[in-house]
Amino acid sequence: MPFQGQITTRFECENCRDAGLQFQYARAAVVAGEQVLELVHRYKYHRAFWCEPLLADFLIRAAGPELKQQHWDLIVPVPLYPARQREREFNQAERLGRRLAAATGIQLDTRLLKRVRATETQTRLSREERRRNMHNAFAVNPRRSLSGERIVLIDDVFTTGATTSACSRVLRAAGAGALCVWTVARGI
């Protein structure tokens, strides 16, 4: 949940403590208030590309300095199912990840992780329904191998962590090292 100020020691969100999340930490640039969610939804569902520079700027300003201080090998956007990507004509996480990669110098990898199962939209699902919805939804590209790479997962909004945790689970099983999550907004 949102935390005011700098996190300078180990911090565990009470909301996430017992959720069984598969990454070291998740951070968001901003709280997903009404205006931010409106921007994200216009961008994502109505192809309002004019929102992208602002959303990317939120992410870069928050994540950039922290990621530059640490050693991360790859930025991996949460993938869309192929039919959903054809319908939308773009993946917002990939576009935001591309901008973050350019700002930090961390390599963007859009082919490592695949969504292999169509899932229903998460917007109206409970925490447990979201977790079940994401079960076996992702796979690592079989032509790729991992050997301890430190990976930054990127998405637009973090709500329960079900999606990014499902991604992290398969990346970890494939040999990834540390995993963190950065999103533009934290849904509440």
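The model shown is predicted, which means the values in this text are computed figures rather than measured ones.

Explanation requested: the overall build of the protein chain in the structure shown.
The helix and strand tally for the protein chain stands at six helices and seven strands. Summarising the internal contacts of the protein chain: among those between residues at least 6 apart in sequence, 79% fall at separations of at least 24. Looking at the protein chain as shown, the accessible area adds up to about 10400 Å², and 47% of this sits on carbon and sulfur atoms.

Where do I start with the sheet that holds strand β3 (residues 107–108) in this structure?
Note on sheets: strands pair through backbone hydrogen bonds, and any given pair is parallel or antiparallel. Taken together, the five strands give an open sheet; going across it, the order is β1-β7-β6-β2-β3, and neighbouring strands pair in parallel fashion. Each edge of the sheet is formed by a strand with only one pairing partner; in this case those strands are β1 (25–31) and β3. Note: strand β6 (residues 151–158) against strand β7 (residues 179–186), seven bridges, orientation parallel. Across the sheet, Leu153 pairs through a bridge with Val181, a residue of β7. With respect to the sheet, helix α2 (residues 52–69) is in contact with β1, β6 and β7, its orientation differing from that of β7 by roughly 145°. The strands touched by helix α4 (residues 92–104) are β2 (74–77), β3, β6 and β7; relative to β6, the strand with the most contacts, the crossing angle is about 130°.

What am I meant to see in the packing of helix α1 (residues 34–46) against α2 here?
For the pair α1 and α2, the least separation of the axes is 10 Å and the interaxial angle reads 125°. As far as their axial angle goes, α2 and α1 are oblique. As for how α1 packs across α2, the hand of that crossing is left-handed. Residues Leu39, Val40 and Tyr43 of α1 lie in contact with α2, whose contacting residues are Glu52, Leu54 and Leu55. Residue composition of the contact of α1 with α2, by class: five nonpolar, no polar and one charged.

What is the right way to read the packing of α2 against α4 from this model?
Any two packed helices are characterised by how steeply their axes cross, that is the angle between the axes, and by the distance between the axes. Remark: α2 packs on α4, axes separated minimally by 9 Å, with the N-to-C direction vectors making an angle of 45°. One way to sum up the angle between α2 and α4 is to call them oblique. Note on packing geometry: the crossing formed by α2 with α4 is right-handed. Contacts between α2 and α4 involve Glu52, Pro53, Leu55, Ala56, Leu59, Ile60, Ala63, Gly64, Leu67 and Lys68 from the first element and Arg95, Leu96, Arg99, Leu100, Ala103 and Thr104 from the second. Grouping the amino acids of the contact of α2 with α4 by side-chain chemistry returns 10 nonpolar, two polar and four charged.

Reading the values: rules and limits
Residues numbered from 1 in each chain as written. Predicted model: local features only at pLDDT ≥ 70, side-chain atom pairs only at ≥ 80, totals over all residues. Heavy atoms only, no water. Helix = DSSP H or I, 4+ residues; strand = E, 2+ residues; numbered from the N terminus. Contact = heavy atoms within 4.5 Å. Areas by Shrake-Rupley, 256 points an atom, 1.4 Å probe, with all protein chains shown as cover. Pairing = 2+ DSSP bridges. Axes fitted to C-alpha atoms, helices over the stretch in contact; angles between N-to-C directions. Parallel < 35°, antiparallel > 145°, perpendicular 65-115°, else oblique. Left-handed = near helix turned anticlockwise from the far one by under 90°. Nonpolar A, V, L, I, M, F, W, Y, C, P; charged D, E, K, R; others polar.

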